[in-house]
Amino acid sequence: MATTDRQATTLALAHALSAAERGLAVIPLSRTKLPALRSPHRDDPTPAGARCHGACGRFGHGVYDASTDPVRIRELFAAAPWATGYGIACGLPPYHLIGVDLDTKTGTDSSAALRELALRHLFTIPETVVVLTPSGGRHVWLTGPPDTVVPNSAGRLAPGIDIRGAGGYLVGPGSRTDHGLYTAAPGTAHLAPAPCPPALLRLLLPPPRTAHPAPAPAGDHGRGLVHFVLTAHEGQRNTRLFWAACRAYENGIGPALLAPLIEAALSTGLTEHEARATIASAARMTGHRP
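Residues numbered from 1 in each chain as written. Predicted model: local features only at pLDDT ≥ 70, side-chain atom pairs only at ≥ 80, totals over all residues. Heavy atoms only, no water.

> Help me understand helix α5 (residues 223-230), please; the structure alone is not making it clear to me.
Given 3.6 residues per turn, any residue in an α-helix points the same way as the ones three and four places further on. Buried within α5 are the following residues: L225, V226, F228 and V229. Around the axis of α5, the buried residues are gathered within 155 degrees of arc, so they sit on the same side. Contacts made by the buried residues of α5 are with α6 (237-250) and α7 (254-268). (Buried < 20%, exposed > 50% of the residue type's maximum accessible area, 1.4 Å probe, protein only. Helix = DSSP H or I, 4+ residues; strand = E, 2+ residues; numbered from the N terminus. Arc of directions from axis to C-beta. Contact = heavy atoms within 4.5 Å.)

Printed below as a string of C-alpha cells:
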C-alpha cells in the first residue's frame, strides 16, 4: 500500500474512533464511498445470505456492521486496510441520525430548494453539524424521534436533495475519497446533531396509506393523487397537496391534474390562491413551468 493510502487509512480510523466516542456507529469505507468490506455471502448458491445482517459473525454486511465499540472498529479497519474513509450509520440510537444531502447536480440548486421548502412549510434548519463534500455539496445532520423510521430517498423532497435515513449512512468528516476530502464546516464540528424540525420530519416520512384506496381506471394515473389530497386533515392540507403535485409533474401529468388538484384542495378548506401557489411551488421544485 502506498504511504499516502496508509496515512489516509490511519486518519480515517482515528476520525472513526472519535465519532464512535460521540455515540455514532461507524464502518470503514473505500475511496468509492462504498463499504470497504464485501459481503461474505456474495458467492453463496442460495439467496439466504441477502437476509443475513451479521448473524453469521463475519464482516461485510454494510451498515449492519456499524459499531461504536473501539475494539470492533479496529477489527473492521484491520480487515479492510485499503479503507480511506468511514461511514456513519443513520437511524441508530442515541441520535437516530437523519442526513439531508444537498447535492450540486447540474441544473439544480438544492440549497435554494431547501430554503423554499422551509418558507412554505414554516420551519428553519437549526444550528447543527454540517459536512462539506468534495463536490461542493453539504450534508446537514439532524436527529429524529426514536419511534420514527425515516426512509432513504433521492430527489423525492426536491431535486438535488437526498435523504439518508434508516439503513443508510453518511460519509464522515475526515474521510478521503477519489473526489477529495470530506470536512466539517467551520464552527460546526463541536456541535451535536440538532433535532429535525417537525414540519420537515413530516415531509420526510412516506404519505400514509389509505385503508381501501380506490383503484384508478386505466389511463387515469392521477386519481390516486387527487384522492390523497381529498383525504387530508387540517394541518396536512398544504403538505399533501405539495407532495401530490410534485408526483404529478414528475409523471408528466401535472398540467392535466391542475384543475382536479385545485378542486380537491378547495374541498379541504384551502383557498384557491393557496392551492395555486402550492402547486406552482411543486412545479418549480420538479423543474417545470407552473
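Moving on from the coordinates now.
> Can you help me understand the side chain of T268 in this one?
The topology assignment puts T268 in helix α7. In terms of polar contacts, T268 uses its side chain to reach the backbone carbonyl oxygen of A265, at 2.6 Å. Filtering out sequence-adjacent residues up to four positions away, T268 remains in contact with V229, L230, A232 and R237. (Polar contact = N/O pair within 3.5 Å; in protein donor to acceptor, adjacent residues only side chain to side chain.)

> Can you help me understand the packing of α5 against α7 in this one?
Packed helix pairs are specified by the crossing angle of their axes together with the interaxial distance, meaning the distance between the axes. Packing of α5 against α7 brings their axes to within 8 Å, and their N-to-C directions diverge by 20 degrees. It follows from the interaxial angle that α5 and α7 lie roughly parallel. Crossing angle aside, the handedness with which α5 passes α7 is right-handed. Within the contact between the two elements, α5 uses L225, V226, V229 and L230 and α7 uses L257, P260, L261, A264, A265, S267 and T268. Residues that form the contact of α5 with α7 fall into these classes: 9 nonpolar, 2 polar and no charged. (Axes fitted to C-alpha atoms, helices over the stretch in contact; angles between N-to-C directions. Parallel < 35°, antiparallel > 145°, perpendicular 65-115°, else oblique. Left-handed = near helix turned anticlockwise from the far one by under 90°. Nonpolar A, V, L, I, M, F, W, Y, C, P; charged D, E, K, R; others polar.)

> Looking at this model, I keep getting lost on the environment of Y86. Mind explaining?
Locating Y86 in the fold gives a position in strand β2 (residues 85-89). When the C-alpha positions of Y86 and K33 are compared, they lie 8.2 Å apart, and in sequence the two are 53 residues distant.

> What should I look at first to understand the pattern of salt bridges in this one?
Should the charged atoms of two oppositely charged side chains come close, the side chains can pair. The tally for this structure, following the rule as stated, stands at 5 salt bridges. Measuring nitrogen to oxygen at the nearest pair gives 3.8 Å for the salt bridge that ties R72 to D65. Residue classification places D65 among the buried positions, given a relative accessible area of 3%. Among the ionic pairs, R276 bridges to E272, the shortest N-O distance being 2.9 Å. Separated by 4 residues within a single helix, R276 and E272 lie in helix α8 (residues 272-285), roughly one turn from each other. Of the residues examined, R276 reaches a relative accessible area of 41% and is grouped as partly exposed. (Salt bridge = Lys/Arg side-chain N within 4 Å of Asp/Glu carboxyl O.)

> When you look at helix α3 (residues 110-121) in this model, what are you seeing that I'm missing?
In this model, α3 (12 residues) spans 16 Å end to end at C-alpha, consistent with the 16 Å of a helix rising 1.5 Å per residue. The inward-facing, buried residues of α3 abut β3 (97-102), β6 (153-158), β7 (161-164), α4 (198-204), α6 and α8. One or two positions beyond α3, positive phi appears at L122, with a value near 60 degrees. (Expected span 1.5 Å × (residues − 1).)

> Help me out: how do you make sense of the nonpolar core in this one?
As a rule of thumb, soluble globular proteins bury nonpolar side chains together. Counting residues in hydrophobic clusters, the biggest one holds 43 residues, and the most contacted among them are L117, I161 and L261. Residue contributions to this core peak at 7 residues, all from α6. Not counting residues up to four positions away in its chain, the partners in contact with L261 are L225, V226, V229, L241, A244, A245 and I279. Counting residues in hydrophobic clusters, the runner-up holds 32 residues, among them A12, A16, L24 and A36. (Core = buried A, V, L, I, M, F, W, Y, C linked by side-chain atoms within 4.5 Å.)

> I tried to follow empty space enclosed by the protein on my own but got confused; where do I start?
Empty space among the atoms becomes apparent when a probe as large as a water molecule is rolled across them. Within the structure shown, the criterion is met by 2 cavities of 30 Å³ or more. Of the voids in this model, the largest cavity is the one considered here, and its volume is about 50 Å³. Every residue along the wall of the largest cavity is listed here: I27, P28, P35, A36, L37, G60, H61, G62, D65 and L76. Class assignment of the residues belonging to the lining of the largest cavity gives a composition of 6 nonpolar, 3 polar and 1 charged. In this structure, the second largest cavity encloses a volume near 40 Å³. Lining the second largest cavity, in full, are G23, L24, A25, A89, L92, P93, Y95, H96 and L97. Its residues assigned to classes, the lining of the second largest cavity shows 7 nonpolar, 2 polar and no charged. (1 Å grid on protein atoms, 1.4 Å probe; cavity = no way out; pocket = protein on both sides within 12 Å on 5 of 7 lines; lining within 4 Å. Points joined across faces, edges and corners; volume = space filled by probe spheres on them.)

> Even after reading the chapter, I still don't get the environment of L17, so can you show me in this structure?
Within the secondary structure layout, L17 lies in helix α1 (residues 3-21). Given a relative accessible area of 13%, L17 falls into the buried group. Once residues within four sequence positions are removed from consideration, L17 is found in contact with P70, I73 and R74.

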